[in-house]
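One-letter residues, chain by chain:
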Amino acid sequence: MNDEVRTGEAAPGGRREQPFRRPTRSARAADDIRSAHGGRRLATGITVAAILVVAAYVLHALVIAPLFPPGRTAFAPWTAFGITTLVVFVVARIVRGMPDWLFGVLVAGIAVTVALSIVSTSGLLYLGITPTAAPATGAVLMVAAAIRETRVPLATSAVVAGVLCVAALVQVGEAGTRTVVGVAMACSTVVPVVLVTFAVRGFRRIVGRELDLSLVQSTVATPRSAVGMRASEELAELDYDAEALLEDVGSGRIAIPLPAEAAEQAGKLAARLRIRLIEGRTDTWLRHAVTESAYLNDRVTVDDPAGLAGLLSPSQRDGLLLAIWLVAGERATPKTGSIGVHVRCRDLPDDERRTAADRTDRAPDAPDLRISIDVTGVTRRHVDAAAWEAVGSVGSHDVVSGPDGFRIDVDCRADPNARAGGTASAGAARPRGA
């Protein structure tokens, strides 16, 4: 399965960025890590809780078993429950997961359990007899919610709770106040699943964010003009198309001179390749990090036509990426609306550079780059303190606050090795007059 991320910024020349599809190998690694941390450990804890819940219902069934009149029993639903649980989770262990068909088997077993519970306890609520096996199905759905997505197990538990609630309410005339006990038992089916759903979704969201940050942090160590995963995939497609065309020409399937259709295809391939090579000279690690992140690409835009972000040292890059990550990850308030972060990189003019040198009294170490981070949708006081520490590792900074956001101006010193290694490309990439 590939992870697809749609970019929201326009590329140079007004062309919209193509959807980024994370390569299969990295997507599989992401799923493995997510399964290892959010699936196994969390599922283990939930399984222990589910076993305790089921044990409590079994104890309740044993307590009320003597109250059943002749011809009724509390253990027929438990037989269906035990068989369903055993079969489903043994198969889940074998197939290492719970696919849709197996979850369908679980739902069918739950339906049989609920039906037998209602039949065996119908009209007996006035004696204090309530279904026990049917509410215990909520414990099984707790585990299912931890193994797979949470919406369907939550909906299933809600349906079971609704059926049990109706079965209790129809006995209100005979049961009187004991109807409350029946409704409470019905609600006990869905409440644990709701709690597990909140826990699982929150944990998976945290794991997903940290995993995404780990993946995009790999861009920090790339050269100044680097090719990201999106560009690598596009170049691979171009290479395949070009090889196919050349093979057709070499084998004689396409004659020379090329027919109009083949010539047009070759021209398109050459144009796309030239565009990609030109863009690659200014596509720095920062643009790739934003484009390839599922959490940054919708909130962050990068304005760096000269590729100046590539001049930062690895420690500065790491600090800048972490600062952007923390700022963009803040929660927007209803008053300010959605969060937007605009990062702009430019050379410091000579007069500002001299002013900075006079202020610091260290001319050789005077800053020569300015990175402006314009943030809308969140105020300065709501930003995590770690973001300011990360900004401080990039360079000296000033903060200009506004009514619905703020701007961070970071004056930093470029890495001499990066500038020396990329002088030619920098000169070619920098617009005239910059």
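Cut-offs and rules
Residues numbered from 1 in each chain as written. Predicted model: local features only at pLDDT ≥ 70, side-chain atom pairs only at ≥ 80, totals over all residues. Heavy atoms only, no water. pLDDT = per-residue confidence, 0-100. Helix = DSSP H or I, 4+ residues; strand = E, 2+ residues; numbered from the N terminus. Contact = heavy atoms within 4.5 Å. 1 Å grid on protein atoms, 1.4 Å probe; cavity = no way out; pocket = protein on both sides within 12 Å on 5 of 7 lines; lining within 4 Å. Points joined across faces, edges and corners; volume = space filled by probe spheres on them. Nonpolar A, V, L, I, M, F, W, Y, C, P; charged D, E, K, R; others polar. Core = buried A, V, L, I, M, F, W, Y, C linked by side-chain atoms within 4.5 Å. Buried < 20%, exposed > 50% of the residue type's maximum accessible area, 1.4 Å probe, protein only. Pairing = 2+ DSSP bridges. Axes fitted to C-alpha atoms, helices over the stretch in contact; angles between N-to-C directions.

The subject of this paragraph is the confidence of the model for the protein. The pLDDT averaged across the protein works out to 77; a share of 71% of its residues lies at or above 70. The weakest mean pLDDT in the protein belongs to helix α15 (residues 423-429) at 37; the strongest belongs to helix α5 (residues 151-169) at 93. In the predicted structure, residues 32-36 sits below a pLDDT of 50 and forms 7 contacts with residues beyond four places in sequence or in another chain. Here residues 421-434 scores under 50 on pLDDT; set against residues more than four positions off or in separate chains, the count is 13 contacts.

Here we take up unusual backbone geometry. Even without a glycine there, the phi angle at R96 is positive, about 55°. Note that R96 resides in the loop between α2 (75-95) and α3 (100-121).

Per the stated rule, a full pass over the model turns up 3 cavities of 30 Å³ or more. Of the volumes computed, that of the largest cavity is approximately 120 Å³. What lines the largest cavity is a set of 15 residues, and nearest its centre among them are T121, P131, L164, A168 and Q171. Every element with two or more residues in the lining of the largest cavity is listed here: α3, α5 and α7 (179-216). Its residues assigned to classes, the lining of the largest cavity shows 10 nonpolar, 5 polar and no charged. There is about 40 Å³ of room inside the second largest cavity.

Counting 42 residues, the largest nonpolar core has L286, L320, V341 and I371 as the members making the most contacts within it. Put simply, the parts of the chain that give this core at least two residues each are α7, α10 (285-291), β3 (300-303), α11 (314-328), β4 (340-347), β5 (369-376), α13 (385-392) and β7 (405-412). Per-element accounting of this core gives the leading share, 7 residues, to α11. If we ignore the near neighbours within four places in the chain, the residues touching I371 are L312, L320, V343, R344, C345, I408, D409, V410 and C412.

Once that is clear, we can look at the sheet that holds β3. Taken together, the 5 strands give an open sheet; going across it, the order is β3-β4-β5-β7-β6, and neighbouring strands pair in mixed fashion. At either margin of the open sheet sits one strand with a lone partner, and together these are β3 and β6 (396-401). For this sheet the average axis-to-axis angle between neighbouring strands, irrespective of direction, equals 15°. Note that β3 and β4 share 4 bridges and pair parallel. Residue pairing for β4: D303 is matched across the bridge by R344. Relative to β5, α11 is tilted by about 10°, and along the sheet it contacts β3, β4, β5 and β7.

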